[in-house]
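Listed below, chain by chain, are the residues.
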Amino acid sequence: MRPASFISSRMYVRGRAAVTAIAVSYLVMIVALAIAGGFRSEIRDGLAGLVGDMRISEPGWGPGELTSPVAIPPVLKDVIGAVDGVDSLKEVIYSTAVVKGGDNVHGVVFKGIETGDSASLDIRIPSRLASLLGLKAGDRLLSYFIGERVVLRNFTVSGIYNPISTGDEMMVIQCDINTLRRINGWDAGSVSALEVVLRDRFRDEESSSAVCSQITGLLLMNAGEEDSTLVCTRSSVAYGRIFEWLRLIDFNVAFILALMTIVAGLNMVIGLLILLFENIRTIGLLKSLGMRTRDIAETFLRSSARLVLKGLLAGNAVALVLCFFQHKTRIFSLDPDNYFVNFLPVRLDIPLLAACDVLSFAVIMLVLLIPCTFISKVDPAKTIRA
């Protein structure tokens, strides 16, 4: 066994304060990473479920702009579905309406999707609309579709869902796509748009932009002279405000990671300096016995590394417990008008957390090389005689 390893394994180091500071730093870092990952996952998944990752339609994004029927040939759907990164395609129809619950009237958007029950008048309504109109599952909802003629339908509320808040004034009610076809008088193959859902690893800005460009090229190649003009629009562009907010969160998390690493490093520098001063006679004795400065520094660095590892493990353990508790209970709620979701989301990316632990540990150990220069200035003759 090397002398540095033997001595450091038997050296008693008092570092409870340093371990606590490091544990708190790692706790803050991991919770920040989990919250940022939770927001990214929850908002992107929520948008994918609400409007898709991208939409193929005539120019325009808002439901009020997608009132004309569009026929997308099955061959074109097959070609788009085969694009690398595309997970699924969903035909949708949008139709604006006015709904009446008791004495309350509200403007809404009906979104027709494939439900497998084309004869049903069941609908799913957003929780905010249910609260405004005092509705619950099983209640009836009178709806007026106003176009060239007014069409009245009395739907049954089959479920209530919690969509992410996009800032839109109109609330989306989900129903079967064939119901809206009958109300609008559209042909069987007509839709308002085709929503594209991407695989998780293609949802970042660069990958989704590449997929959208590829789909745009396919639309141009397969467009006939009499066909409708179709465009592919990404949700991250249509809802740019939300994604700008996500980028701001990522910047804040990067700042927190850097700050907490600095705090942990400074705490360990102070702790190591105290340790060196307390053991100055030991340093002088080891030098007089012929031990190299490098080996003495390694001895104290090994002792410091054990403290950092204790703090790392403690911080990780507490952070994982807190994140698991929040994930299961959602005890911490948020205002969806400000944060787009109604609870504090957390998502643990284990490889990212492990990389963060390793990188911050390496940075702290590099910082600890600075106080080790003190060892080279210790004079054995003076320290032993003192």
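Everything that follows concerns the structure shown earlier in this document.
Reading the values: rules and limits
- Residues numbered from 1 in each chain as written.
- Predicted model: local features only at pLDDT ≥ 70, side-chain atom pairs only at ≥ 80, totals over all residues.
- Heavy atoms only, no water.
- Phe/Tyr/Trp six-rings, centres within 6.5 Å; stacked < 30°, edge-to-face > 60°.
- Helix = DSSP H or I, 4+ residues; strand = E, 2+ residues; numbered from the N terminus.
- Buried < 20%, exposed > 50% of the residue type's maximum accessible area, 1.4 Å probe, protein only.
- Axes fitted to C-alpha atoms, helices over the stretch in contact; angles between N-to-C directions.
- Left-handed = near helix turned anticlockwise from the far one by under 90°.
- Contact = heavy atoms within 4.5 Å.
- Nonpolar A, V, L, I, M, F, W, Y, C, P; charged D, E, K, R; others polar.
- 1 Å grid on protein atoms, 1.4 Å probe; cavity = no way out; pocket = protein on both sides within 12 Å on 5 of 7 lines; lining within 4 Å.
- Points joined across faces, edges and corners; volume = space filled by probe spheres on them.
- Core = buried A, V, L, I, M, F, W, Y, C linked by side-chain atoms within 4.5 Å.
- Expected span 1.5 Å × (residues − 1).
- Polar contact = N/O pair within 3.5 Å; in protein donor to acceptor, adjacent residues only side chain to side chain.
- Parallel < 35°, antiparallel > 145°, perpendicular 65-115°, else oblique.
- Patch = residues over 30% accessible without salt bridge, like charges linked within 9 Å, V, L, I, M, F, W, Y side chains within 5 Å.
- Areas by Shrake-Rupley, 256 points an atom, 1.4 Å probe, with all protein chains shown as cover.
- Salt bridge = Lys/Arg side-chain N within 4 Å of Asp/Glu carboxyl O.

Peer 1: So what's going on with the packing of aromatic side chains? Residues and values would help.
Peer 2: One pass over the structure, following the stated rule, counts 6 aromatic pairs. Consider the rings of Phe 39 and Trp 245, whose centres lie 5.0 Å apart with planes at 90°: the pair is edge-to-face. Here Trp 245 lies in helix α8 (residues 240-278) and Phe 39 lies in helix α2 (residues 16-51), a separation of 206 residues in the sequence. Taken together, a centroid distance of 6.3 Å and an interplanar angle of 70° make the contact between Phe 145 and Phe 155 edge-to-face. Placement of the pair is Phe 145 in strand β6 (residues 140-146) and Phe 155 in strand β7 (residues 150-161), with a sequence separation of 10 residues. The pair formed by Phe 145 and Phe 155 is uniform in burial state, with each residue classed as buried.

Peer 1: So what's going on with the packing of α2 against helix α12 (residues 350-367)? Residues and values would help.
Peer 2: Taken N-terminus to C-terminus, the directions of α2 and α12 make an angle of 145°; their axes are 11 Å apart at the nearest point. Here α2 runs over α12; the crossing is right-handed. Only Leu 352, Leu 353, Cys 356, Asp 357, Ser 360, Phe 361 and Ile 364 of α12 make contact with α2, whose side of the interface consists of Tyr 26, Met 29, Ile 30 and Leu 33. Of the residues belonging to the contact of α2 with α12, the class tally is 9 nonpolar, 1 polar and 1 charged.

Peer 1: Got a sec to walk through empty space enclosed by the protein? Specific residues and values, please.
Peer 2: Taken as a whole and judged by the stated rule, the model has 2 cavities of 30 Å³ or more. As for the largest cavity, its lining consists of 14 residues, and the residues nearest its centre are Asp 53, Arg 203, Ser 208, Ser 236 and Phe 243. When residues of the lining of the largest cavity are traced back to their parent elements, those giving at least two are α2, α6 (205-221) and α7 (235-238). Here the lining of the largest cavity gets 3 residues from one element, more than from any other, and that element is α2. Along the lines of polarity and charge, the residues of the lining of the largest cavity split into 4 nonpolar, 4 polar and 6 charged.

Peer 1: Report on the layout of surface pockets, specifying residues and quantitative values.
Peer 2: Space inside the second largest pocket adds up to approximately 380 Å³. Lining the second largest pocket we find 16 residues, and of these Gly 37, Arg 40, Ser 41, Arg 44 and Arg 347 sit closest to its centre. Sort the elements by how many residues they give to the lining of the second largest pocket and α2 lands first, with 7 residues. Counted by class, the lining of the second largest pocket contains 5 nonpolar, 2 polar and 9 charged residues.

Peer 1: Just give me the short version of the nonpolar core, but keep the residues and values in it.
Peer 2: For soluble globular proteins, nonpolar side chains are generally found buried alongside one another. Within the largest apolar cluster, 57 residues are counted, with the highest numbers of intra-cluster contacts made by Phe 39, Ile 43, Met 268 and Leu 368. Counting residues per element, the ones that place at least two in this core are α2, β3 (86-101), α8, α10 (293-329) and α12. A total of 16 residues in this core trace back to one element, the largest contributor, which is α2. Counting residues in each nonpolar core, the second largest holds 43 residues, with Leu 76, Leu 135, Phe 202 and Leu 219 among its members.

Peer 1: Lay out α2 in plain terms, naming residues and giving numbers.
Peer 2: Taking 1.5 Å as the rise per residue, α2 with 36 residues should run 52 Å; its terminal C-alpha atoms sit 52 Å apart, in good agreement. Where α2 ends, the next residue or the one after it, Gly 52, has phi of about 85°, a positive value.

Peer 1: So what about the environment of Pro 126? Which residues, and what values?
Peer 2: If you trace the backbone, Pro 126 turns up in strand β5 (residues 122-126). Along the chain, Pro 126 and Tyr 161 lie 35 residues apart, while their C-alpha atoms are 5.1 Å from each other. With near-sequence residues (within four places) excluded, Pro 126 lies in contact with Ile 160, Tyr 161, Pro 163, Met 171, Val 172 and Ile 173.

Peer 1: Lay out the side chain of Glu 195 with the relevant residues and their values.
Peer 2: Here Glu 195 shows up in strand β10 (residues 193-198). Look at Glu 195 and you get buried, because its relative accessible area is 0%. A polar side-chain atom of Glu 195 sits 2.9 Å from a polar atom in the side chain of Tyr 94.

Peer 1: Describe the packing of helix α3 (residues 74-81) against α6, naming the residues involved and giving the relevant values.
Peer 2: Any two packed helices are characterised by the angle at which their axes cross and by the distance between the axes. The interhelical angle for the contact between α3 and α6, taken along N-to-C directions, is 155°, at an axis separation of 10 Å. Judged by the angle between their axes, α3 and α6 are roughly antiparallel. Between α3 and α6 the crossing geometry is right-handed. Residue-level contacts link Leu 76, Val 79 and Ile 80 of α3 to Ile 215, Leu 218 and Leu 219 of α6. Broken down by class, the residue content of the contact of α3 with α6 amounts to 6 nonpolar, no polar and no charged.

Peer 1: Tell me about a nonpolar patch on the surface, and please be specific about residues and values.
Peer 2: The grouping of Phe 255, Leu 259 and Val 263 at the surface amounts to a nonpolar patch, some 250 Å² of accessible area in total. Relative to the elements of secondary structure, Leu 259 occurs in helix α8.

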